[in-house]
Amino acid sequence: MGLKQQQSHHHSVAVKVNEQMGTKRGYTFIQANRAWLPKFLLLWVMVMAFLSTWIYKKMDADNKVRRKEVLSSMCDQRARMLQDQFSVSVNHVHALAILVSTFHYYKNPSAIDQETFAEYTARTAFERPLLSGVAYAERVINSEREKFERQHGWTIKTMEKEPSPIRDEYAPVIFSQETVSYIESLDMMSGEEDRENILRARATGKAVLTSPFRLLGSHHLGVVLTFPVYKSKLPPTPTVEERIEATAGYLGGAFDVESLVENLLGQLAGNQEILVNVYDVTNPSDPLIMYGHQNQDGDLALLHESKLDFGDPFRRHQMICRYHQKAPTSWTALTTAFLFFVICLLVGYILYGAAIHIVKVEDDFHEMQELKVRAEAADVAKSQQFLATVSHEIRTPMNGILGMLALLLDTDLSSTQRDYAQTAQVCGKALITLINEVLDRAKIEAGKLELETVPFNLRSILDDVLSLFSEKSRNKDVELAVFVSDKVPAMVKGDPGRFRQIITNLVGNSVKFTERGHIFVKVHLAENAKPMVDAKGETCLNGGSDEGLLISGARQFKTLSGYEAADERNSWDSFKHLVADEESRYDASINMTVADEASENVTLMVSVEDTGIGIPLIAQDRVFMPFMQADSSTSRNYGGTGIGLSITKCLVELMGGHISFISRPQVGSTFSFTAVFGRCRKVPYSDAKKSNAEDLPSGFRGLKAIVVDGKPVRAAVTRYHLKRLGILVEVASSVKIAASACGKNGSSCGSKIQPDIILVEKDSWLSGEDGSLSFRMMDWKQNGHVFKLPKMTLLATNITNAELEKAKAAGFADTTIMKPMRASMVAACLHQVLGIGKKRQAGKDMPNGSSVLQSLLCGKKILVVDDNMVNRRVAAGALKKFGAAVECAESGKAALKLLQLPHSFDACFMDIQMPEMDGFEATRRIRKMESQANEQMNGGLDEGSARKGEWHVPILAMTADVIHATYDECLKCGMDGYVSKPFEEENLYQAVAKFFIAKPISDS
Amino acid sequence: MLGLGADRLRADMNRLLAFLFHQGILDEQYLQLQQLQDESSPNFVSEVVNIYFHESEKLLRNLRSLLMDREFSDYKKMGIHLNQFMGSSSSIGAKRVRNVCVAFRAASEQNNRAGCLRALELLEHEYCFLKNKLHELFQIEQQRVLAVGVRYPMQN
């Protein structure tokens, strides 16, 4: 249960890691708003377009204002100049009028005639640049016409150069400038414009202007300026009548406005740019053009009006200026705005691009992450599949080899041959185990591994593992030893296979890397670890007065073999405390166990110490990584895949413990791990026997032994093994002490123990005085003690023939107990030495022989269900060979029919893959049927039904596929186990043994 | 002649078996099968193998007809047949046939028609070869049994 929980915890950790991975994939702001990105871009572009339009408009408006200002200033300037020039001319004409009145009328006779006037005006023409010419017309009343015509010698003519019709009044030109001499004698009153002008002029006494009209000579547009000339001086405020009365004539001049303005404009800069129109706006509804073309196209949008005052209050003029061309499109503004827009657009696009890129990269990243996870998963799956396939492929021939070996062992063999064959078989089995371990690794990686919880004997497993490596260690002369604290319960609940795997891995590693010294496996309760550490300090205080150290001198460490170990915790200083602690509590242990068993679990601390090459410091942190060895040369020198420790770590963690190590290069490594096991509540002996219980002979109980060993740790190990056989042990650190102890005991007539056997460590014997022991023994013998002499046995890891001879000579028994020690081996040796009951336990050590299988299956009625005829036949044949009565069914349905209750089948082998109804389904139905029957039976208050038990026929799945049809799937639908197809004896035995061992016992 | 033949025939048989093992046509399962043969069932091996031949031919026919069905191949059914074939082949230890079946099944799982056809050809070839060899083996075996049965008093 605890283990299960542990495992589920393990799973949840994995899940949590995944979740963390999930949350780590957080989304950034950009990623979160990815859908908005194009909209952002659009918005940005729109805002920027708006902004640049605004910029353009503003710049354009500025331009326009400036343009308008320029126009108005230019227009005003022109208007002012025109006005000035005009008034200068008008003034001069005024002066001329005065001149005429003065010299023509006030002087008598007149000082002016045509000639004088023409000359004067010609010479003063520069003063009136705007006037094409001036002329003076006299006022002639109709009554005076004849006199006038006579006086001048010509008739008055109209404008059309015809003799004037008779009128009230005439204004014939009498003096004229040469430029306008053609108007002499023309009646000015005959022209509509002039007449009006004349009338207005004499009424107001001021210069008056005509509305513009085409001039006679030049066909230019022009106006005529008319000044009245008075005969007599006027009163200060003359009335209109007085003026008309006083009027003598009219001085007139034609303003050629067109050429005038042209000249004027020609003098000014910027003439080309603007278009100037001058209008007579006396009648506002009908402006008359004085200069410029009415229909000239210019910039109609923008115009400027300037008032012109030509001195005639009656007439009003104005100047209108326009630009010639429409306002040129403002390139600067346009370019600025456009560039601004483009830049913003680019910036926006860059930002957008960057955002898109970020999004894409993040997407890719997530995708990659996902792919990575998937690839890893696929990798794991693939490697698993590969491992499963390969292991299966290897398993098949291995089964062949093992089967053949099993057959070979059945034949008559000499003991040597049997030994060889047995060794081969053991090794083959180890190989199969290894393959299974590789499969485990795959399972662990997939998180599919589940631990069993069955009671098992820890000590015998340790013995087994050690024996596996005994040959190797012996060849290398490395001491291999195991010590299990007494407080570790005999039986614990856990997964023996996995525990063995861990130990095998660690010890295997140690053996591989150790060339000298020792490998020491020690198991004790985890609670003991603390006292041990405390004890260490204590011994330091005590000063460590151990003899061992003194004897060995030089550089000896108080470890198993005397070599230095990486972790000093296993040296005698602390170890003896563990042992002593145990002894002191041994008596109390009975009480203690009661207390201990209150707790459900027991935590064991296992350490494996070696004196090998150690692990380089740099490699220490990746020791538990799969396929990582200390360095690449390791696998060359020592072989191995580097998978072992990682499996070990996983397994230890699954067992609810943790693994750690201390390693010093060239000194050695100590791996220690803790593991939680269930406590076994007083299991019935038969049950315990079923699993690999410790079946040690009990014939040695009560024997006494002395162990002679200079190294206390080693002695403790030896004692541990002997203790398991029920032998009481004394430890002596040297032969001398042992001998004296013996002697003493002898003389005091066995007040204390009388040893039945003396076990001497080879080293102690060799270091001790040769033969001295035997002499003492002789002495002792001669002293007349007719007791049975204690047998002397040598303990050795390795022994040469010469040494053996010498030992024999010294009085040792023939049999040397070879290390590594294990209880069963020691027992066997002691049997030989002491000659106690030579009976071999025949049946027990061959539990998987076919004979056993035969005995199990003989007479049993078995149903084989398989749709494949060949398989059916083969399975039937195989089962028949073991004496079973076989019946066949070719489908699930047929099987159901045959298994209708009541039936007489003892077991059913069921194929899983069958058409129509597969094995799972068939099993489910059978189980249903059975449960119904059971209910009925119980309901019927056991009305004499002979079988007290319930209906439950063992159903075993047959499957060719190892990985697919997993055990739990079989169990889920009510099967009891499975055998792989094609049948293998071992496998069959394991599956069948579960039912058929228990049954005869319970039945009988 | 006949008496001498027994040993030679046994040697022949062993050679043939060795060849078949070496070529990977048979595996140790066949040996296990042979072990199941004893006095109580003297013809166990040939009986099983004959059932195997019978079943296999049926399966091969079915497979071929399934694959020949041009527009529609029932890959699922094919898989079932192949599983059967595989099961029986591994039971008698016909290793190569079994391996081809595995490949065939892989092809059928991918609905790979061309692969299936190729695998079927190969399967038929392997099967024929196996059949011939096993027939040969049984023939020698029969002769051997006959030879062992004949006793000439002058021998020994």
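How each quantity is defined
- Residues numbered from 1 in each chain as written.
- Chains lettered and ligands numbered in written order.
- Predicted model: local features only at pLDDT ≥ 70, side-chain atom pairs only at ≥ 80, totals over all residues.
- Heavy atoms only, no water.
- Patch = residues over 30% accessible without salt bridge, like charges linked within 9 Å, V, L, I, M, F, W, Y side chains within 5 Å.
- Areas by Shrake-Rupley, 256 points an atom, 1.4 Å probe, with all protein chains shown as cover.
- Salt bridge = Lys/Arg side-chain N within 4 Å of Asp/Glu carboxyl O.
- Helix = DSSP H or I, 4+ residues; strand = E, 2+ residues; numbered from the N terminus.
- Buried < 20%, exposed > 50% of the residue type's maximum accessible area, 1.4 Å probe, protein only.
- Contact = heavy atoms within 4.5 Å.
- Polar contact = N/O pair within 3.5 Å; in protein donor to acceptor, adjacent residues only side chain to side chain.
- Nonpolar A, V, L, I, M, F, W, Y, C, P; charged D, E, K, R; others polar.
- Pairing = 2+ DSSP bridges.
- Expected span 1.5 Å × (residues − 1).

Draft legend 1. Region of interest: a nonpolar patch on the surface. All names here are of chain A. On the surface, Phe338, Leu339, Ile343, Val347 and Leu351 cluster together to form a nonpolar patch covering roughly 480 Å² of accessible area. Structurally, Leu351 is set in helix α9 (residues 331–410). A relative accessible area of 52% places Leu351 in the exposed class.

Draft legend 2. Layout of the interface of chain A and chain B. Contact residues are listed per partner, giving 18 residues for chain A and 20 residues for chain B. There are 1 salt bridge connecting chain A and chain B. In this structure, Arg873 of chain A and Glu47 of chain B form a salt bridge, with 2.6 Å as the shortest nitrogen-oxygen distance. At the surface where chain A touches chain B, the tally comes to 1 residue pair in polar contact (both at pLDDT 80 or more). Secondary-structure elements contributing two or more residues to the side of chain A that touches chain B are α9 and α27 (869–881) of chain A. Top element by residues in the side of chain A that touches chain B is α27 of chain A. It accounts for 8 residues. Split into classes, the residues belonging to the side of chain A that touches chain B amount to 9 nonpolar, 6 polar and 3 charged.

Draft legend 3. Spatial organisation of the pairing of strand β17 (residues 601–610) of chain A. Residues and elements named next belong to chain A. Most of β17 is tucked away, with 8 of its 10 residues classed as buried. For strand β16 (residues 518–525) and β17, the ladder comprises 7 bridges, and the chain directions are antiparallel. Bridging across to β17, Phe520 finds its partner in Glu609. Two elements, β17 and strand β19 (residues 668–679), share 9 bridges in a ladder whose sense is antiparallel. The residue bridging Ser607 from the neighbouring strand is Ser672, located in β19.

Draft legend 4. Geometry of the environment of Arg679 of chain A. Looking at where Arg679 of chain A falls in the secondary structure, it is placed in strand β19. Along the chain, Arg679 of chain A and Asn601 of chain A lie 78 residues apart, while their C-alpha atoms are 5.4 Å from each other.

Draft legend 5. Expanded view of the pattern of salt bridges. Residues and elements named next belong to chain A. Summed over the entire model, instances satisfying the criterion amount to 27 salt bridges over all chains. Between Glu169 and Arg139 there is a salt bridge, with its nearest N and O atoms 2.4 Å apart. One end of the pair, Glu169, is in strand β3 (residues 169–170); the other, Arg139, is in the loop between β1 (131–138) and β2 (140–141), and 30 residues separate them in sequence. Both residues of the pair, Glu169 and Arg139, belong to the buried class. Salt-bridge contacts for Glu921 lead to Arg925; the nearest nitrogen and oxygen are separated by 3.1 Å. Pair noted here: Glu921 and Arg925 are both in helix α29 (residues 919–939), with a separation of 4 residues, about one helical turn. The partly exposed category is assigned to Arg925, whose relative accessible area is 41%. Look at the salt bridges and you will find they share partners, linking Arg139, Glu169 and Arg202 into a network.

Draft legend 6. Region of the structure containing helix α4 (residues 75–92) of chain B. All names here are of chain B. In this model, α4 (18 residues) spans 26 Å end to end at C-alpha, consistent with the 26 Å of a helix rising 1.5 Å per residue. Of all the 18 residues making up α4, 14 are buried; the element is thus mostly covered by neighbouring parts of the structure. Gly93 sits one or two residues past α4 and shows a positive phi near 85°.

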